[in-house]
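Tertiary structure, described
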Amino acid sequence: MSYFLRLSLICCLIALISAPALSQSTHTVAKPNETVWVIAYPVKANKRAQYERFIHEIFWPGAKNLSAAEQKIFKQTRVMHPTKPEPDGSYAYLFIMDPVIKGADYGIESLLKKEYGEPKAKEYFKLFKDAIIEKNYKDYRLIQSKD
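Residues numbered from 1 in each chain as written. Predicted model: local features only at pLDDT ≥ 70, side-chain atom pairs only at ≥ 80, totals over all residues. Heavy atoms only, no water.

**Quick look at the pattern of salt bridges**
Note on pairing: side chains with opposite charge can pair once their charged atoms come close. Summed over the entire model, instances satisfying the criterion amount to 10 salt bridges. Notably, a salt bridge pairs aspartate 130 with lysine 47, separated by 2.9 Å at the nearest N-O pair. Remark: lysine 47 occurs in the loop between strand E1 (35-43) and helix H2 (48-62) and aspartate 130 occurs in helix H5 (residues 118-131); sequence separation between them is 83 residues. By relative accessible area, which is 28% here, aspartate 130 ends up partly exposed. Aspartate 105 is the salt-bridge partner of lysine 114, the closest N and O atoms lying 3.2 Å from each other. (Salt bridge = Lys/Arg side-chain N within 4 Å of Asp/Glu carboxyl O. Helix = DSSP H or I, 4+ residues; strand = E, 2+ residues; numbered from the N terminus. Buried < 20%, exposed > 50% of the residue type's maximum accessible area, 1.4 Å probe, protein only.)

Structure representation (structure tokens):
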């Protein structure tokens, strides 16, 4: 094996090993008595790919167009994917805002407008709305316990 090929393979191996560590951001969690907000969005079984594309290719990447304060909303929010369907066949995806930033705008439509402007925001928000079962939406505002 040539020297350059071995060197390339070693570099690739190092990149693969270190990539997860480099991409993980430090996540702060709520301290006792701070608010945590959990939203469960039921997604239609046949719209999961559309929903995930919206979240991971449109909504989250668009945060780079926001102010530092608004980007903090995304840094303190986790998205959880379901492992199995709900009894009705939908899939519950969770947003966990931990901790909630007082006075922050968490509205998806509003954030999309700030990220992409009005025309694109309407198009993107339609993707989101089309994927969820709005009547089954649930949210919980909770206070972090001392334990």
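The rest of the description comes next.
**Comments concerning the nonpolar core**
In this structure, Tyr51, Phe54, Phe59, Phe95 and Leu112 are the most contacted members of the largest nonpolar core, which totals 29 residues. Within the residue set of this core, elements represented by two or more residues are E1, H2, helix H3 (68-75), strand E3 (91-97), helix H4 (108-116) and H5. Those residues in contact with phenylalanine 95, other than ones at most four positions away along the chain, are Trp37, Val38, Ile39, Tyr41, Tyr51, Ile55, Phe59, Trp60, Thr77, Arg78 and Val79. (Core = buried A, V, L, I, M, F, W, Y, C linked by side-chain atoms within 4.5 Å. Contact = heavy atoms within 4.5 Å.)

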